[in-house]
Amino acid sequence: MRLKTRAGFAGLTAGVVSVLLAGSAAAAPAPGSIGIGDPYYPHAGNGGYDVAHYDLRLTYQPSTDLLSGATTILLTATQDLSAFNLDFGLKVSSVRVDNRPAKFATSTDGTGELTVTPASPLKKGRTATVVVAYADTPSKVKIDGFTAWKKTPDGALAVDEPQSAAWWFPSNDHPTDLATYDVSVEVPNDVAALSNGTLVRKTVQRPGWTRWNWRSTKPQATYLTSLEVGKFEVNEQTTPDGKPFITAYGADLGESLGAAKASIERTPEITEFLASKFGPYPFEAQGGVVTTGITFALENQTRPVYGARAFRSGSNTSIVAHEQAHQWFGDSVTLGKWSEIWLNEGFASYGEFLWSEESGEGTADELAQYIYDSVPAEDPFWQVLPADPGADNQFDAAVYDRGALAVHALRKAVGDDTFFRILQTWQQVKKAKSAVIPEFIALAEKISGKPLYDLFQTWLYTKGKPAVGPNGAQAL
Ligand code: ARG
Ligand code: ZN
């Protein structure tokens, strides 16, 4: 009753105020922008609010690919908002904002924008609780002509970069807006539902179904929030320092199962090694999921997912070192913009160099020299800029390999002590925040006391094979 009165009153005053204030400085509430301003993905994220927490409460039936339930979003308006967008492509049945029904509309141009118009505008600085109820078959939903939801014979995977969230939960889908999560997914008893963080518990409400309740207590990016449903061998262990270590192996791994386990089961050891280089491991849990459903790997926070083919020819701890290095570079310190993917992939690839050195399989010097020598100057590889590769080349080999060479060039230029001090300080000051490359360069210059502009200009922002060695301009 009281709510209703207030809504009516606010609606009335809005009209009066806009007449009275016409021409004055006070701005009327405006809709939030449809994108957060990313140079590569204009629709990614949204303007006008910041999310603190997502609570997903879903049911998934693999036999029909029906995903249904609701996501509750706790957000704060960063401007007066008459309406705001969420990134979401599934069919919505209702939206409430602070318990009152809100108007909503899904974009008809296939861009996956859900526009929510609350009964009364959201005031800048105010928190709001947004509940979106929905049901759809995500594998049939295209956003920008594509679906990131991968249906598998016994389940589905919500795993992709730069975007996967819009096929299973509404969000502010950009790595600059980090939030905590509760992900609760009910699935038939014969399959598992895996996600990030800690498995709080499994609950049963009705015969034949089990609800898997996952919690991420550290700020997490939308694209690093994942769901893997299917027949898995799930192992719940603890790391030597007492954190949950949950691994899952697809039931169809066949001959690769041994090699997968011989790699993933070493995650805590590899993480402990990386922590000795980068600083304390930033999260509350560890793990890994191996599936035949994808051919790549992704550094999902606390629990990366690995395509089974990585273990075709035997153990592969290098890929574990890569995904675990991302827990620091990419997951704890996130990208301010997708064009600066080097901040993720250059350092994750360098994590492989460090682990190789530790394992006696080749020093970082040897690995860097090998990459440098094996790609001829005329190869198109040297035309891709690791720090601005273009949206179509975001995961080009140059981002990874030339990106790692750039990190190695920094190490050679400043020496080991300073190099690791730079990495550890970066992790401390940027923990649970997004960052941009000029901030990294400034920090490296400050800590080393050396001008490093030319080095980064050469390795990150100049096409062509850098000259190195005694007569070259740049260290390697
Ligand atoms: N960040 C991932 C990795 O380096 C790469 C993901 C590539 N994405 C894709 N859809 N292929 O481990
Ligand atoms: Zn990577």
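We now turn to the structure provided with this report. Small disclaimer: the values here were computed from a predicted structure and weren't measured.

## A few points about the sheet that holds strand β9 (residues 127-136)
Consideration 1: Taken in spatial order, the eight strands make up an open sheet running β6-β5-β9-β3-β2-β12-β15-β14, and their pairing is mixed. Two strands close off the open sheet at either side, each with one partner strand: β6 (100-101) and β14 (198-203).
Consideration 2: By the bridge criterion, five bridges tie β14 to strand β15 (residues 209-220) in an arrangement that is antiparallel. When the bridges of β15 are listed, K202 appears paired with W212.

## Structural notes on the coordination of the zinc ion (ligand 2)
Consideration 1: H322 (NE2), H326 (NE2) and E345 (OE) make up the full set of protein donors to the zinc ion (ligand 2), lying at 1.9 to 2.0 Å.
Consideration 2: Metal-centred angles of 98 to 137° between the four donor atoms at the zinc ion (ligand 2) mark the site as irregular.
Consideration 3: Mapping the donors of the zinc ion (ligand 2) onto the primary sequence gives the spacing H-x3-H-x18-E. Taken as a pair, H322 in helix α4 (residues 317-328) and E345 in helix α5 (residues 342-359) lie far apart in primary sequence, 23 residues in all.
Consideration 4: Classification of E345 as buried rests on a relative accessible area of 1%.

## Description of the pattern of salt bridges
Consideration 1: For the coordinates displayed, the defined rule picks out eleven salt bridges.
Consideration 2: Residue R215 is joined to D182 by a salt bridge in which the shortest nitrogen-to-oxygen separation is 2.8 Å. Of this pair, R215 sits in strand β15 while D182 sits in strand β12 (residues 179-188); the two residues are 33 residues apart in sequence, bridging distant segments of the chain.
Consideration 3: On the basis of relative accessible area, R215 is assigned to the partly exposed category, the value being 38%.
Consideration 4: One salt bridge in this structure joins D190 and K231, with 3.8 Å as the shortest N-O distance. Placement of D190 in the loop between β12 and β13 (192-194) and of K231 in the loop between β16 (227-230) and β17 (232-238) is noted, with a sequence separation of 41 residues between them.
Consideration 5: By relative accessible area, D190 is classed as partly exposed at 49%.
Consideration 6: Residue K231 is classed as partly exposed on the basis of its relative accessible area of 39%.
Consideration 7: By sharing partners, the salt bridges in this structure join E357, R411 and D416 into a single network.

## Digging into helix α8 (residues 416-430)
Consideration 1: With 15 residues, α8 extends 21 Å from end C-alpha to end C-alpha; this agrees with the ideal 21 Å at 1.5 Å per step.
Consideration 2: Residues of α8 that are buried: T418, F419, F420, I422, L423, W426, Q427 and K430.
Consideration 3: A432 sits one or two positions beyond α8 and adopts a positive phi of about 60°.

## Let's talk about the packing of aromatic side chains
Consideration 1: Scanning all chains against the criterion turns up 28 aromatic pairs.
Consideration 2: Between Y49 and F84 the ring centres are 5.5 Å apart and the planes differ by 65°, which places this aromatic pair in the edge-to-face class. In this pair, Y49 is assigned in strand β2 (residues 49-61) and F84 in strand β4 (residues 81-87), connecting sequence segments 35 residues apart.
Consideration 3: Residue classification places Y49 among the buried residues on the basis of a relative accessible area of 4%.
Consideration 4: Classification of F84 as buried rests on a relative accessible area of 1%.
Consideration 5: Ring geometry for F273 versus W355: centroids 5.7 Å apart, planes at 55°, classification tilted. Of the two residues, F273 is situated in helix α3 (residues 267-278) and W355 in helix α5; the sequence distance between them amounts to 82 residues.

What counts and how
Residues numbered from 1 in each chain as written. Chains lettered and ligands numbered in written order. Predicted model: local features only at pLDDT ≥ 70, side-chain atom pairs only at ≥ 80, totals over all residues. Heavy atoms only, no water. Pairing = 2+ DSSP bridges. Helix = DSSP H or I, 4+ residues; strand = E, 2+ residues; numbered from the N terminus. Donors = N, O, S within 2.8 Å, 3.2 Å for Na, K, Ca; no water. Tetrahedral: all angles 85-135°; square planar, octahedral: opposite > 155°, others 65-115°. Buried < 20%, exposed > 50% of the residue type's maximum accessible area, 1.4 Å probe, protein only. Salt bridge = Lys/Arg side-chain N within 4 Å of Asp/Glu carboxyl O. Expected span 1.5 Å × (residues − 1). Phe/Tyr/Trp six-rings, centres within 6.5 Å; stacked < 30°, edge-to-face > 60°.

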